[in-house]
Amino acid sequence: AQSVAQPEDQVNVAEGNPLTVKCTYSVSGNPYLFWYVQYPNRGLQFLLKYITGDNLVKGSYGFEAEFNKSQTSFHLKKPSALVSDSALYFCAVSPSTDSWGKLQFGAGTQVVVTP
Amino acid sequence: DSGVTQTPKHLITATGQRVTLRCSPRSGDLSVYWYQQSLDQGLQFLIQYYNGEERAKGNILERFSAQQFPDLHSELNLSSLELGDSALYFCASSSLARGSTDTQYFGPGTRLTVL
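Throughout what follows, the structure given in this document is the object of discussion.

Rules behind the numbers
Residues numbered from 1 in each chain as written. Chains lettered and ligands numbered in written order. Predicted model: local features only at pLDDT ≥ 70, side-chain atom pairs only at ≥ 80, totals over all residues. Heavy atoms only, no water. Buried < 20%, exposed > 50% of the residue type's maximum accessible area, 1.4 Å probe, protein only. Helix = DSSP H or I, 4+ residues; strand = E, 2+ residues; numbered from the N terminus. Pairing = 2+ DSSP bridges. Axes fitted to C-alpha atoms, helices over the stretch in contact; angles between N-to-C directions. Disulfide = S-S within 2.5 Å.

Turning our eyes to something else, we now look at the pairing of strand S7 (residues 64-68) of chain B. All names here are of chain B. The alternating pattern of S7 places Phe64, Ala66 and Gln68 on a buried face, while none of Ser65 and Gln67, on the opposite face, is buried. Of the strand pairs in this sheet, S7 and strand S8 (residues 74-78) are connected by five bridges, and their pairing is antiparallel. Along S8, the bridge assignment pairs Phe64 with Leu78. With antiparallel pairing between neighbouring strands as the criterion, S7 and S8 make up a hairpin whose turn holds five residues, including Leu72 at a positive phi of roughly 80°.

So, in structure tokens, the structure goes:
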């Protein structure tokens, strides 16, 4: 069975500093990995995904993520955080062995960016 | 705005009642997914439909059912409601039937409160 872990419930960072949100996964077969962000009282917004190819994936709003197969990780990064990046971030996996694409989500990481 | 719409935004009802949540996918998307977000269970996949047919089932209770209509909108029916069913229910859509790589776009959700 596949699983996704986000080891940090909350990440605090000062505006302008680098932001990293951690995600590790466990799946059979090749993983397809996704990052979503949820703002208060809003739905989930897609940020980026890794399917194959270059391990560094660039997404929306200046975010990027690095796929590391040996460490089974897919950490989300942003070089310079903004106060408006404060939100709940979810990592999700869909194993290649699952044809229908349902997503398994991590528990979420609350990001707080202070001015 | 993802292009996925959900109604109603909020629903307050009593235990034992039945409710229907509605979702309209993005234009052109044939797949619809339902997810439940609760504090104790996190984000969980419930069920997927493609072009009117059920394709995948997750942790969906027998008291819950769904369908997708010819115009591709979907409804999630929740019956014999219990306090523990209080949650945020999301609908997502994607364009492919079979595709773990396909991006799912989420609606704003329906917040269900069972009193």
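This is not the end of the story, as more comes after the structure.
The next point concerns the sheet that holds S7(B). All names here are of chain B. If you walk across this open sheet you meet the four strands as S1-S3-S8-S7, and the pairing is antiparallel. The open sheet has two free edges, formed respectively by strand S1 (5-7) and S7, since each of these has just one partner strand. Each adjacent strand pair in this sheet contributes to an overall mean axis angle of 15°, direction not counted.

On to the state of the cysteines, then. Counted by the stated rule, this structure contains two disulfides over all chains. Bridging A:Cys23 to A:Cys91, the disulfide has an S-S length of 2.0 Å. Its torsion about the S-S bond being -60°, the disulfide of A:Cys23 and A:Cys91 is classed as left-handed. Residue A:Cys23 is found in the loop between strand S3 (19-21) and strand S4 (24-26), and its partner A:Cys91 is found in strand S10 (residues 87-95); the two are separated by 68 residues along the sequence. For the pair A:Cys23 and A:Cys91, one class covers both residues: buried. The disulfide bridge from B:Cys23 ends at B:Cys91, spanning 1.8 Å between sulfur atoms. Across the S-S bond linking B:Cys23 and B:Cys91, the dihedral sits near -50°, which makes this disulfide left-handed. Taken together, the residues span a long stretch of sequence, with B:Cys23 in strand S3 (residues 19-24) and B:Cys91 in strand S9 (residues 87-94) at a distance of 68 residues. Here the two residues B:Cys23 and B:Cys91 agree in accessibility, since each one is buried.

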